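Survey of secondary and tertiary structure
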Amino acid sequence: MSEDREDGSVGEGAAGPEGTAGEEQVRYDQARYVENGQYEPLLSEKDLTRVEIGGADATDETGDDAESPLPDDLTRGSLELPELSEPELARHYTRLSQMIYGIDSGPYPLGSCTMKYNPKFTEDVAALPTAAVHPDRSERSIQGTLELLYRLQDYLGRIGGMDAVTLQPPAGAAGEFVGIRVAAAYHEHNGEGHRDEVIVPESAHGTNFASAALGGYDVVALPSDDDGRVDLEALEAALSENTAALMLTNPNTLGLFERDIEEIAAMVHDVGGLLYYDGANLNALLGRARPGDMGFDVMHYNVHKTFATPHGGGGPGAGPVGVVEDLAPFLPAPRVREGGTSKSGDPTYELFDPEQTIGKVHGYQGNWLVLVKAFAYIARLGDEGLADASAKAVLNANYLASRIEYDVPYEPFHHEFVASAGDQDAADVAKRMLDYGVHPPTTKWPEIVPEALMTEPTEVEGEDTLDRLAAAFNAVAAEDDATLEAAPDRTTARRIDQTSAARSPRLSWQALEEE
Amino acid sequence: MHGSHATGSPYAPHTDAERSRMLEEVGAESVEDLFDIPAAVEFDGEFGIDARSERETRRLVRSILGRNDDLTELLGRGHYGYYVPSLVDHLADRSEFLTSYTQYQPEVSQGFLQALFEYQSLLVELTGLEVANCSMYDAATALGEAATLAERVRDTTGYRVLVPDLLLEGRRSTLENYVAGTDLAVEAYPTDDANVDLAALEDLIDEECVMVYAENPTVRGTIEEGLESVGDLAAENDALFVLGSDPIALSVLQRPADVGADVVVGDASVLGLPTSYGMGLGLFATTEDYLRQVPGRLVGASEDATDRRAYTLTLQTREQHIRRERATSNICTNQAWVALRTAMHAAYLGPSGMVDLANRGVTRAADLAERLDDIVGVKAPVHDRHHLREFVVRIDQPAPAIAADLEKRGFAVHVLGDHAIQVCVAGVPDERLERFVAAFEEVVR
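Along every chain, residues carry numbers that run from 1 in the direction the sequence is written. Ligands are numbered from 1 and chains lettered from A, in the order in which they are written. Confidence filtering applies because this is a predicted model: local features only for residues at pLDDT of at least 70, side-chain atom pairs given and counted only at 80 or more, and all residues used for totals across whole chains, interfaces and linings. Remark: hydrogens and water are excluded; side-chain values derive from all non-hydrogen atoms of the structure.

Concerning empty space enclosed by the protein
Residue and element names in this part refer to chain B.
- Using a 1 Å grid laid over the protein atoms alone, points where a 1.4 Å probe fits but cannot get out form a cavity; open sets with protein on both sides within 12 Å along at least 5 of 7 lines form a pocket; any residue with an atom within 4 Å of a point counts as lining. Grid points are joined across faces, edges and corners, and a volume is the space filled by probe spheres set on the points. Within this structure, the stated rule accounts for eleven cavities of 30 Å³ or more.
- What the largest cavity holds in volume is close to 170 Å³.
- Taken together, 18 residues form the lining of the largest cavity, with Gly78, Tyr80, Arg171, Pro217 and Asp246 sitting closest to its centre.
- Of all the secondary-structure elements, those providing two or more residues to the lining of the largest cavity are β7 (209-215) and β8 (240-245).
- In terms of domain composition, the lining of the largest cavity takes at least three residues from each of domain 2 (72-82 + 350-444) and domain 3 (86-344). Segments assigned H or I by DSSP are reported as helices when at least four residues long, segments assigned E as strands when at least two residues long, and all are numbered from the N terminus. What counts as a domain boundary in this text is fixed by an automatic or database domain assignment.

Structural data, given as structure tokens:
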């Protein structure tokens, strides 16, 4: 392997990962800046300026005294932070951005996260000055905001087959929590407050377990059958008069459609439980099946997944929740409805509190700017675009799986599949894939598949990109453990020591200074 | 080539020829063959949503949002229209920041991890506490997480969570939902002239309390004067002292660590985000003692194989994707990009700029209050306290009618009961405040 380059330049002739035989070689090097033996310095390493803060009588020799209009006993003594010029900051953040892999950098087949391309125009509409309103404005003065929320509620209701929708939850997990709280309120209202169990398949997203627990429920884990789907006998055994809900993803995290969904719904409903739909995998179903039609009572939508709002390095997302009519009175407050007609004949919109509302799950109305982007995306695609997105997402997953040499034990899958790295360590496979200029899949989960590589290419990749992805998979599949363990080599940082990070946590520049 | 995408997803690049080749490769006649959905649950209807061109969609959204009135917002209570420098928009919008996800592969995510590490460090300096996570959804959910943390870390079995009677309804309600699955119960303690009523709190607090919450500044814009006493009362009763604040206020007000705060929550999006109909950024900081009980993500420093410092998500065994139902929180997707914006805005201001912004919130509020107080039939500020950014105004005339009249003249204010409004100077340019005073004089005349 070549020497580590100190300046981030691309070295001529340096050995890079090769594509599979006969294909064009892809040479990949991620940006890297090194100064004084370290990557791009922290802001605090460029400058730290202490400003003394004191009342009118305070003095400071440095001349940096910030005279405060407040008495000394109500103020802090000083504040110490970086003080840099705008050009210095522009370079700092430009460099940081170049040391990040995003969906605009290349394929990002992170299973269950639905990393699809984020249209640029939705950023522009979210940045409209008319979108910037204070949450305490009078309803009369923000008819535009209320209309957009109303229309989005309506769109989501139609797409999910749900009767009522709240846009308040600021993320998918927050949506799950709302679903759990709504289920609890519904059971309580019906005199069924004794129900204290929520059933979650072993293969479900970790948030399902955590959200149910946060809602105060005991979590009953449900094993999968040999085909990777809900084991109906195990479900029968798990269901009881204590069941508040079953949380299900369909297609599940293996990409498999729960074909017995009608029977599952009947079984859950027979014991008086509710069926919750985790919308993380909704991208596979757009225009082809709707949770409401399958018997689900409550669901959340991950708009940052299905409706292409940017994931933002970990958020913000939005997790609207849809419910059937019986559960609508329990939704968070307030919701939006049509309230009359304006002088010009347009409908007017108003906020209202559902009758048995659980109250709020966010200080205001969730991540508004994200909702604007989701609305614009849905309005852009329409019926045909949405259905086409799911068709091509499924086609892409099947195509990619057919091209890779790792074993894919469960099928027929839809928008994602879980391959097994077999004798290789999936985490090492992922590190090595980084060297080929592609983002790796989700690894080691779900645990049903040994050394899992959970892969979701989404609809936005074309044949060429999928071939390049497959070439990366296959190149890594042919490599030995030593190569994998030494990876990555072409990324900003080399393999990072996770263990020591957790053993002696250093979580701020102040902690580094103390060393 | 790729065609016009007159139908179908405009973001799926497949040509017809490509699609045919791919179908052939997977051995399917049509895409429909790849779907394994039982006929009984297949959807054969229509959503009735028309596809539009990008230009038409932009026009649609612009037309809908155009129904919002253009008002000068003298509104506060945690959300402020501070000017956000262009640097923040242009650099945070760089697509690597915007289009990446959680940094599960740190080797290709160093830029974002470092920015979040810098954000955490900002909060450590502002609060004086050792640990800050890299975001919660907003102030209300951060408060809810603080309560569940209190339940986990508190030694004895207690159940009472004490909050001020002035706590915003949205925060109180969210907190109630977060503790609904626990044995905790939320109770209000009285306030005195908008600040904590220390005598009343002393009477109320006992060893059954797991947490006492106060805000600085308060929802009425007043600056708390007895926070050390609140801290002492909490400590004496083995309750966590949770303090609500924000980065601008924290730039000059008493350092939370110095008044005995165990946890600081609040909305950090006062920096970096325009008023966004309540979208926020929950800040969460605490002491090292509770490190392993912190909710949400933490970025830590480590080394890579070249022994250079590198950053990574750490202590993930607290998190839902590993710990499942025993996780410290269910949060997964957070507000990372907003945290990035906040850190950028703070870096742009620097310590002098932050302190200056906070101080101006004190002096401008005092100036405006003085001018309103000069008007006959008006008293401002109502509370005999120091104020930051906002204050309450008592008016002889009915407040809702006055607020409606002000709105017709282009100004939005909070209504507080029959004869009081609340106004906020944050982010409002001086000339707008001039016009507001003139309008206010007219409507109360």
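What to know about the UniProt feature "domain: Glycine dehydrogenase C-terminal" (unreviewed entry) in chain A
- UniProt positions are given in the numbering used here, feature names are shortened, and annotations may be inferred rather than shown by experiment. Here the UniProt feature "domain: Glycine dehydrogenase C-terminal" (unreviewed entry) sits at residues 389-484 of chain A.
- Note that residues 389-484 of chain A is 45% helix and 10% strand, and that its end C-alpha atoms are spaced 35 Å apart.

Some remarks on the nonpolar core
- Formed by 248 residues in total, the largest nonpolar core has its most connected members in Tyr93, Phe307 and Ile378 of chain A.
- Working rule for contacts: check all heavy atoms of both residues, and any pair within 4.5 Å makes them a contact. Setting aside its immediate chain neighbours within four residues, Phe307 of chain A contacts Leu156, Ile159, Leu282, Leu286, Tyr301, Asn302, Ala374, Tyr377, Ile378 and Leu386 of chain A.
- Grouping buried Ala, Val, Leu, Ile, Met, Phe, Trp, Tyr and Cys residues that are joined through side-chain atoms within 4.5 Å yields what is termed a nonpolar core. Relative accessibility under 20% of the residue-type maximum defines a buried residue, over 50% an exposed one, and the middle range a partly exposed one, all with a 1.4 Å probe and only protein chains included. Counting residues in each nonpolar core, the second largest holds 32 residues, with Leu149, Ala150, Val153 and Tyr213 of chain B among its members.

What about the interface of chain B and chain A?
- Counting from both sides, the interface comprises 168 residues of chain B and, opposite them, 200 residues of chain A.
- Here the buried area means the combined drop in accessible surface, using a 1.4 Å probe, for two parts upon being joined, counting both sides. Contact between chain B and chain A buries roughly 15,800 Å² in total, counting both sides, with carbon and sulfur atoms accounting for 61%.
- Among the residues of chain B in contact with chain A, Tyr11, Phe47 and Tyr277 of chain B are the three that bury the most area, contributing 7% of the side total.
- Basic side-chain nitrogens of Lys or Arg form a salt bridge, by our definition, when they fall within 4 Å of a carboxyl oxygen of Asp or Glu. Inspection of the region where chain B meets chain A yields 14 salt bridges.
- The partner of Arg21 of chain B in a salt bridge is Glu463 of chain A, and the shortest N-O contact between them spans 2.5 Å.
- We define a polar contact as two N or O atoms separated by no more than 3.5 Å, with the added condition that, inside protein, one atom must be a possible hydrogen donor and the other a possible acceptor, whereas residues neighbouring each other in sequence contribute only through side-chain atom pairs. Our count for the chain B to chain A interface comes out at 97 residue pairs in polar contact (both at pLDDT 80 or more).
- Among the elements that take part in the side of chain B that touches chain A, helix α12 (residues 336-373) of chain B stands out by supplying 17 residues, more than any other.

With respect to the sheet that holds strand β15 (residues 417-420) of chain A
Residue and element names in this part refer to chain A.
- Think of it this way: DSSP has to see at least two bridges between two strands before they count as a pair. Read from one edge of the open sheet, three strands run β15-β17-β16, paired in antiparallel fashion. The two strands at the open ends of the sheet, each matched to only one other strand, are β15 and β16 (442-443).
- In this sheet, strand β17 (residues 452-455) lies alongside β15 in antiparallel orientation, the contact comprising four bridges. When the bridges of β17 are listed, Val418 appears paired with Met454.

Quick word on the sheet that holds strand β2 (residues 131-132) of chain B
All names here are of chain B.
- With mixed pairing, seven strands are arranged side by side in an open sheet as β2-β10-β9-β8-β7-β3-β4. Edge positions in the sheet fall to β2 and β4 (185-189), since each has one partner strand and no second.
- Sheet contacts for helix α7 (residues 169-178): β3 (160-164), β4 and β7; angle to β4, the most-contacted strand, approximately 155°. To obtain an axis, a line is fitted to C-alpha atoms, over the contacting stretch when the element is a helix, and the angle between two such axes runs from 0 to 180 degrees between their N-to-C directions.

A short note on the packing of aromatic side chains
All names here are of chain A.
- Two aromatic rings, drawn from Phe, Tyr or Trp (for Trp, its six-membered ring), form a pair once their centres lie within 6.5 Å of each other, and the interplanar angle then sorts them: stacked below 30 degrees, edge-to-face above 60, tilted otherwise. In this structure the tally under the stated criterion is 18 aromatic pairs over all chains.
- Measuring from ring centre to ring centre gives 5.1 Å for Tyr150 and Tyr349, while their planes differ by 45°; the resulting arrangement is tilted. Placement of the pair is Tyr150 in helix α4 (residues 143-160) and Tyr349 in strand β14 (residues 347-352), with a sequence separation of 199 residues.
- Since its relative accessible area comes to 25%, Tyr150 is described here as partly exposed.

Considering the state of the cysteines
- Cysteine sulfur atoms are paired as a disulfide whenever they fall within 2.5 Å. By the definition in use, this model includes zero disulfides over all chains.
- The thiol of Cys332 of chain B is unpaired, and the distance to the nearest cysteine sulfur, on Cys113 of chain A, comes to 7.2 Å.

Things to note about unusual backbone geometry
- Residue Pro488 of chain A is reached from Ala487 of chain A by a cis peptide bond, and omega for that bond is 0°.
- With respect to the helices and strands, Pro488 of chain A occurs in the loop between α14 (481-486) and α15 (498-503).
- Phi angles above zero are rare outside glycine, and Arg77 of chain B is one such case at about 55°.
- Along the polypeptide, Arg77 of chain B turns up in the loop between β1 (72-73) and α3 (86-92).
- Residue Arg77 of chain B is classed as buried on the basis of its relative accessible area, which comes to 13%.
- A positive phi angle is found at Ser135 of chain B, which is not glycine, with a value near 135°.
- Position of Ser135 of chain B relative to the elements: it lies in the loop between β2 and α6 (139-153).

Re the environment of Pro329 of chain A
Residue and element names in this part refer to chain A.
- By secondary structure assignment, the location of Pro329 is in the loop between β12 (321-323) and β13 (335-341).
- Judged by relative accessible area, which is 23%, Pro329 ranks as partly exposed.
- Along the chain, Pro329 and Asp353 lie 24 residues apart, while their C-alpha atoms are 8.6 Å from each other.
- In this structure Pro329 touches Pro354, Glu355, Gln356 and Thr357, once residues within four positions along its chain are discounted.

Quick notes on the environment of Ala265 of chain A
Residues and elements named next belong to chain A.
- By the element assignment, Ala265 lies in helix α8 (residues 261-270).
- It is 19 Å that separates the C-alpha atoms of Ala265 and Val219, two residues lying 46 residues apart in sequence.
- Residues in contact with Ala265, not counting those within four places in the same chain, are Leu275, Met294 and Gly295.

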